[in-house]
Amino acid sequence: FKIFKNLSFFSHYNDYFKKKYIYQIAPILSGKNITTDLIISNIVPKGLKKHTVPFMIKYRILNANGKVLSRDSYYLETNKRLTIPLNIKNQLNKNHINADGSVWLKMIPLSAGYLGLTRPHIRVSAKNSINTIHLQHGRRKGTTFDTSFLNKNDVQYLSVINLENKNNNLKIKIKNNIKILKKFDIPIKPLESQC
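Anyway, here's the lowdown on the structure attached to this text. None of the values given here were measured: they were computed from a predicted structure.

1. Re a nonpolar patch on the surface
- Nonpolar side chains collect at one region of the surface, where I174, L181 and F184 lie side by side and expose about 260 Å² of accessible area between them.
- With respect to the helices and strands, I174 occurs in strand 10 (residues 168-175).
- Judged by its relative accessible area of 38%, I174 is partly exposed.

Below, the structure written as structure tokens:
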């Protein structure tokens, strides 16, 4: 009876010892002089006593219609940084920003350690500017995004990826503190990205 009791104990706490995979998805933006890179930093800041773990990095690049164009994997050591160019061939000479696809990332830890120190993000570079966006897990709930226009000539873009393998209707409302200024109801196909 004692043996079974101990097995039950380990079975109950087994979830605490399972590997925690990181699944994240990001848009690939292209345009005139615009490139997108995936960057994964597995470096611990000096003075921090935690340690990072090595990872197996697996990723897929999908075009805007959800078709897989390529897939690859990398071994990422501790205290190293990985940069992966994401732009799709023949998409770099457009005049406007476009959502030309998405990258689907899976990070598999290869030893025990702390996952919270590793920071996957995308870097969007243009001729006179650079921007980095940290990746987050996908979510089904609605969300809000606050922004402001510094002047009337500002152009802002929202990039969206349908994470499900089914058609969805994307509802977007642009509003100020008083009223709704514009509404968009956009059908988006399975795994499709739009800007």
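2. Points about the pattern of salt bridges
- Under the counting rule described, the total for this entry stands at 3 salt bridges.
- Across the pair D185 and K171 runs a salt bridge whose closest N-O atoms are separated by 3.4 Å. Note that D185 is positioned in strand 11 (residues 180-188) and K171 in strand 10, a separation of 14 residues in sequence.
- Residue K171 is classed as exposed on the basis of its relative accessible area of 61%.

3. Digging into unusual backbone geometry
- Positioned with a positive phi, N33 is a non-glycine residue whose angle comes to about 60°.
- Of note, N33 is situated in the loop between strand 1 (22-30) and strand 2 (35-41).
- With relative accessibility at 47%, the residue N33 sits in the partly exposed group.
- Residues other than glycine seldom take positive phi values, yet L191 does so here, at roughly 60°.

4. Focus on the side chain of N42
- Looking at the element boundaries, N42 is found in the loop between strand 2 and strand 3 (55-63).
- Overall, N42 belongs to the buried group, its relative accessible area being 0%.
- A distance of 3.2 Å separates the side chain of N42 from the backbone oxygen of E77, its partner in a polar contact.
- Among all residues touching N42, those that are not within four sequence positions of it are T52, V53, P54, F55, L76, E77, T78, N79, K80 and T118.

5. Some words on the nonpolar core
- Within the largest apolar cluster, 24 residues are counted, with the highest numbers of intra-cluster contacts made by L38, I40, I57, L86 and L105.
- Contributions of two or more residues to this core are made by strand 1, strand 2, strand 3, strand 5 (81-85), strand 6 (98-109) and strand 7 (119-125).

6. Overview of the sheet that holds strand 1
- Spatial ordering of the open sheet is given by 1-6-3-4, a layout of 4 strands whose pairing is antiparallel. If you trace the sheet from one side to the other, it starts and ends with strand 1 and strand 4 (68-76), each paired once. Between one strand and the next, the sheet's axes are offset by a mean angle of 20°, whatever the strand orientation.
- Summarising the sheet, strand 3 and strand 4 pair through 8 bridges and their orientation is antiparallel. In the sheet register, I57 faces strand 4, and the bridge partner there is Y74.

7. A look at the sheet that holds strand 8 (residues 130-134)
- Strand order in the open sheet made by the 4 strands is 5-2-7-8, with antiparallel pairing throughout. Each having just a single partner strand, strand 5 and strand 8 make up the two edges of the open sheet. Adjacent strand axes in the sheet meet at a mean angle of 25°, parallel and antiparallel pairs treated alike.
- The sheet contact formed by strand 7 and strand 8 spans 5 bridges and is antiparallel. Bridge assignment links S125 to a residue of strand 8, and that residue is I130.

Cut-offs and rules
Residue indices begin from 1 for each chain and proceed along its sequence in written order. Local features are withheld for residues below a pLDDT of 70 in this predicted model, meaning they are given only at 70 or higher, and side-chain atom pairs are given and counted only at 80 or more; totals for whole chains, interfaces and linings count all residues. Side-chain descriptors were evaluated using all non-hydrogen atoms of the structure, hydrogens and water having been removed beforehand. Grouping into patches uses exposed residues only, defined as over 30% relative accessible area, and leaves out salt-bridged ones; the cut-off is 9 Å for like charges and 5 Å for nonpolar side chains (Val, Leu, Ile, Met, Phe, Trp, Tyr). Note on areas: Shrake-Rupley with a 1.4 Å probe; residue coverage comes only from the protein chains shown. By definition here, a salt bridge exists when the distance from a side-chain nitrogen of Lys or Arg to a carboxyl oxygen of Asp or Glu is within 4 Å. What counts as a helix is a DSSP run of H or I of at least four residues, what counts as a strand is a run of E of at least two, and both are numbered from the N terminus. Think of it in three bands: with a 1.4 Å probe and only protein chains considered, a residue is buried below 20% of the maximum accessible area for its type, exposed above 50%, and partly exposed in between. Any N or O atom pair separated by 3.5 Å or less is treated as a polar contact, with the protein-specific requirement of one donor-capable and one acceptor-capable atom, and with residues adjacent in sequence counted only for side-chain atom pairs. Whether two residues are in contact is decided by their heavy atoms: any pair within 4.5 Å suffices. Nonpolar cores were defined as sets of buried Ala, Val, Leu, Ile, Met, Phe, Trp, Tyr and Cys residues, with membership established by side-chain atoms within 4.5 Å. Two strands qualify as a pair provided that DSSP identifies no fewer than 2 bridges between them. Axis definition: a line fit to C-alpha positions, over the contact stretch in the case of helices; interaxial angles, taken between N-to-C directions, run 0 to 180 degrees.

Keep in mind these numbers describe shape, not what the thing actually does.
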